[in-house]
Amino acid sequence: MNLRSDIALIGVIILGIFILFWMNLLLGDVPMKSADVFNLLAGGTADNPAWSYIVESRLNRSIVAILAGGALAISGLILQVFFRNPLAGPGVLGITSGASLGVAVVVLGGVTMGSLLGNLGIILAGIIGAVAVLFLLLFIARFIRNSVTLLVAGLMFGYFTAALINILFLWANETATRKYVVWGLGSFEGLNQSELLIFTTLIIVLSLLCFMLVKPLNALVAGTDYAASIGINVKSTRLLIILFTGVLAAIVTVYCGPVGFIGIAVPQLVRVLVKSKNHAVILPVVFIAGSLLALGADFIVRMSSNSLPLNTVTAIVGAPIIIWVIVKMNQRNVSF
Amino acid sequence: MRSLSILSLLIASFALMQCVQHTEATISEVTNQIEQESVEVKYAEGFDIVYQEGFIKVITQSFGENAPFRDSVYIMSNSEKVFETKSKIVNQVTVRLACQSSTHLSFLDELDRLDQVVALCGIKYVNNAKISKTLSKNEVIELCMTDQVQMENLYQSNPDLFLIYPFGSAESNEFYDTGIQTLLIAEYLEESQLARLEWIKLFGVLTGRANEANAYFKEVEEAYLKLKNETQPLEKTFIMNLPFQDQWFTPSSKSVGVELIEDAGIQYYYRNEKGTENIVHSNEQVWNDGIQADYWVIIARRPIDFKLADLIAEQSVYKEFLSVQNHQVIFCNTSVVDYFSKGVIEPHIILKDLCYATGQIESHEPQYFFLLE
Amino acid sequence: MLAFKQLEIRAGARHLFAASSIHLRNGIVALVGRNGTGKSTLLKTIMGLHRDFSGEILVDGKSLDSYKPADLAKEIAIVYSKSNIFGSHSGRDVLMLGRLPYQNAFAKETAVDREQVNRIIELLQLEKFIDQEFSVLSDGEKQLIMIGRAVVQDTKIILLDEPAAFLDLVNRHQLMRVLQEIAKSTEKLILFSTHQMDVLPKVCQSVLLIDQNELRLIEDPTTFITTIYKSFGMDNLETDEV
């Protein structure tokens, strides 16, 4: 029974991804026929030479959305299980803020995204910021047993880094400031081929590495004490969780801006919908569900001629999901 | 600094009291003002100057579809005039100005009255070396460390008049209760380059340099119109600017900048789109259209030695653009020139740059716009 | 099955207790001691989670140090006094967690796993509530499931850290019945810490007592209560024995 309903869920999500992916390729401000799109994807040409670039850009951006959404969602899932709190996620815990601070230091310092060195610098700064926040959280977690309090600490990190970034603005020039602000709105567009290659590789490799956490995650639902008793090395698991979630969230944040809500809403929703309790199943389902939501959000952004910022759309879609799940959990009297 | 401003306040108020008590003492001042040419507003819709016995009334106002506002200030020359209690009064000889926009500085600089600026919003954004130098020499006070005006700094600078933008609700003036007199300035709402330039007359009246303002305006107006009348419609199109991430803020066809470029005889690609605000286009839209445009006019901040190849490196589709292929990218590098401030008072030079770039003038030394190599 | 040799356990700067040589075989053993004497720390130490000790702990004849966490999980299972599951797991899902040490990296359930789970459900008579969501069960039912989970883990040793702490009288009684059931049908060592004296003679083969920084084994059921009360300095209460 359970298996069948999970397979149906996976089927629906994948179908949704295919439909949205195709719509994202086909629809846009420049109307094209499917024949044109097929032809261009097959390497053909169109009357307007810009069209092949447009299709390429639509394709790239869809790929980025799929990977970024998936990465944020599994990062959120792992953090929710680890902190045993359905409200945890890269955004809430201040991990995205940490990455943002890293990016701000580099961008507002005047380094441009274009150059390879600048690129690596920003990625590294983002990762350092994200992982630093996670370590800080873990340190604080030693003194705070209550996980809601820990979330508040995470939120405070968010405000704190936002304040630091505001201070950085004082020294930044207008262009860098504007660049940072635009980045902060979030977008899946704007990655060139080499950036896309780095992004795709990193996200896929890290997401696959997350499967190392299947057994630890299965065990951690019972808490660290029980997890340790069923053969999980809690210390090394904790380290891997910090590294994987921190780096995943940081990479997405660096390339797409601090994209909110996907990291909380998707794992919550999937954990309600999926019957299997095995993270070997939950992880990939959360990934594709994150992809679906991100692709959907990006589709709405594109249909507005990019005038709606991505974060506005993810908030409008994500916040109601989060509230719905909280209400549903309370109804079923599930303890947090 | 503070003691200095208090001192000057004392001196100023002493001078005012002098005026009140000794009518004769004001005579020289009155004659001084009468000697000034009066100002006539020809293009601008956002301000008016009314001359009356003993005072000049400067009115600024909204027009067209803009959010409505109306503001005025009296420039006093006859102290016996009794004003309504709420009226704002300045003395043009001693007027100390605070500015919310660095655009105002170019007007004042041209009139040689930059020394009257005591405070400014965004000193670090001033892009003109000469103006920056004067500001720092005069120890002009920064008003906006962030987006907001810092009230303490405003009090410290103690201006006679604070020139502000009517952003948000103009009727409820947030500075009203501070006791600091303000004047709403919205030169950016004007719909033509000459109307915008004409605001120099307002600054002339405020600082007692109406003659110079009139003369400068007339000179530029003539040069501009002469050039404009000489150009022939080229039947060629242009697109504008560069995207920020995935959004392309293309100016409205009614914008002053677009109008200026069209005066050079080329046509804006999006001229049929309505509205006075910037229009957001997606990348793909502009790529689709931009490929056909003959010219590409870009106003952007880039490294000093920015080349056509650097532009293509930003986005490879640009190499397919007709304008790029034909080397017809007309570029204004705002990290080099002060387009947004100084450019406002030199539309004739900008127009000449554009005519030169489009091959309508043989020889010219471009200052703002040049063809990217 | 479980042996201590010249064991000395510390917590930071504090010396908790020492034991010269104790050997535990299968059966039910209670761990008794006053608050703060180190009962939980002893259980943690046996689990390999508390490293601050000297001497030797032998699990199934081999030193504790020679076990990797994954291997130790096949030797020792534990039940804590309170448990909380994050997620909408059913009782059956929780039982299945006990099979984790035997599963591959993707935690694939095998027929053996399912068979083992079903066997324990039957043995402990959990059928009534096993398919309900764990989080809505009563504390007593939850604790029975956690014990079932420990049995499912198929270890030679089961530790229980004050398993009855949050249970009412009836549930405590049932818990003891279940432990006896497990001891009878399997060859396990069941070591549980408790403050409940009345059940000791009926249920336990021996008692581990921590007192005055010493861990002692009391092997004669008839002397359990008197020895404990005496060591706590409460000799006059021996007549209260139930």
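Whatever comes next refers back to the structure up there.
From a predicted model like this one, the values you see are computed outputs, not experimental measurements. (Residues numbered from 1 in each chain as written. Chains lettered and ligands numbered in written order. Predicted model: local features only at pLDDT ≥ 70, side-chain atom pairs only at ≥ 80, totals over all residues. Heavy atoms only, no water.)

## Description of the packing of aromatic side chains
Then, in step 1: A full pass over the atoms with the stated rule returns 25 aromatic pairs over all chains.
Then, in step 2: Aromatic side chains A:Tyr226 and C:Tyr80 sit 5.0 Å apart centroid to centroid with 80° between the ring planes, which places their arrangement in the edge-to-face category. With A:Tyr226 in helix 10 (residues 224-229) and C:Tyr80 in the loop between strand 6 (76-79) and helix 3 (91-97), this pair bridges two chains. The same class applies to A:Tyr226 as to C:Tyr80, namely buried.
Then, in step 3: Centroid distance B:Phe331 to B:Phe370: 6.3 Å. Interplanar angle 85°. Geometry classified as edge-to-face. Here B:Phe331, found in strand 15 (residues 329-333), pairs with B:Phe370, found in strand 16 (residues 370-371); they are 39 residues apart in sequence, far enough to count as distant.
Then, in step 4: In this structure B:Phe331 comes out as buried when scored by relative accessible area, which is 0%.
Then, in step 5: The rings of B:Phe238, B:Tyr268, B:Tyr269 and B:Tyr270 are connected pair by pair, giving a single aromatic cluster.
Then, in step 6: Positioned over the ring face of C:Phe166 is C:Lys82, at 5.0 Å from the centre of the ring. (Phe/Tyr/Trp six-rings, centres within 6.5 Å; stacked < 30°, edge-to-face > 60°. Helix = DSSP H or I, 4+ residues; strand = E, 2+ residues; numbered from the N terminus. Buried < 20%, exposed > 50% of the residue type's maximum accessible area, 1.4 Å probe, protein only. Lys NZ or Arg CZ within 6 Å of the ring centre and 35° of its normal.)

## Description of unusual backbone geometry
Residue and element names in this part refer to chain A.
Then, in step 1: Notably, Arg84 is not glycine yet its phi reads approximately 50°, a positive angle.
Then, in step 2: As for its position among the elements, Arg84 is in the loop between helix 3 (50-82) and helix 4 (95-108).
Then, in step 3: In the Ramachandran plot, Phe261 falls in the positive-phi region, its phi being about 75° despite a non-glycine side chain.
Then, in step 4: Relative to the elements of secondary structure, Phe261 occurs in the loop between helix 11 (234-256) and helix 12 (262-273).

## Some thoughts on the interface of chain A and chain B
Then, in step 1: Between chain A and chain B, the contact holds 30 residues from the first and 23 residues from the second.
Then, in step 2: Carbon and sulfur atoms supply 53% of the area that chain A and chain B bury against each other, a total of about 2300 Å² over both sides.
Then, in step 3: If you sort the residues of chain A by the area they bury against chain B, A:Tyr53, A:Leu170 and A:Asn306 come out on top, with a joint share of 25%.
Then, in step 4: Where chain A packs against chain B, one counts two salt bridges.
Then, in step 5: For A:Arg302, the salt bridge goes to B:Glu284, with nearest N and O atoms at 2.8 Å.
Then, in step 6: At the junction of chain A and chain B, the tally comes to twelve residue pairs in polar contact (both at pLDDT 80 or more). (Contact = heavy atoms within 4.5 Å. Buried area = accessible area lost by both parts, 1.4 Å probe. Salt bridge = Lys/Arg side-chain N within 4 Å of Asp/Glu carboxyl O. Polar contact = N/O pair within 3.5 Å; in protein donor to acceptor, adjacent residues only side chain to side chain.)

## Details of the pattern of salt bridges
Then, in step 1: What the rule picks out here adds up to 25 salt bridges over all chains.
Then, in step 2: B:Lys226 is the salt-bridge partner of B:Glu230, the closest N and O atoms lying 3.4 Å from each other. Taken together, the residues span about one helical turn, with B:Glu230 and B:Lys226 both in helix 8 (residues 210-230) at a distance of four residues.
Then, in step 3: Looking at B:Glu230, the relative accessible area reads 47%, which means it is partly exposed.
Then, in step 4: B:Lys226 sits in the exposed class, given a relative accessible area of 56%.
Then, in step 5: For C:Asp65, the salt bridge is made with C:Arg51, and the minimal N-O distance between the two is 4.0 Å. Of this pair, C:Asp65 sits in the loop between strand 5 (62-63) and helix 2 (69-72) while C:Arg51 sits in the loop between helix 1 (39-46) and strand 4 (53-59); the two residues are 14 residues apart in sequence, bridging distant segments of the chain.

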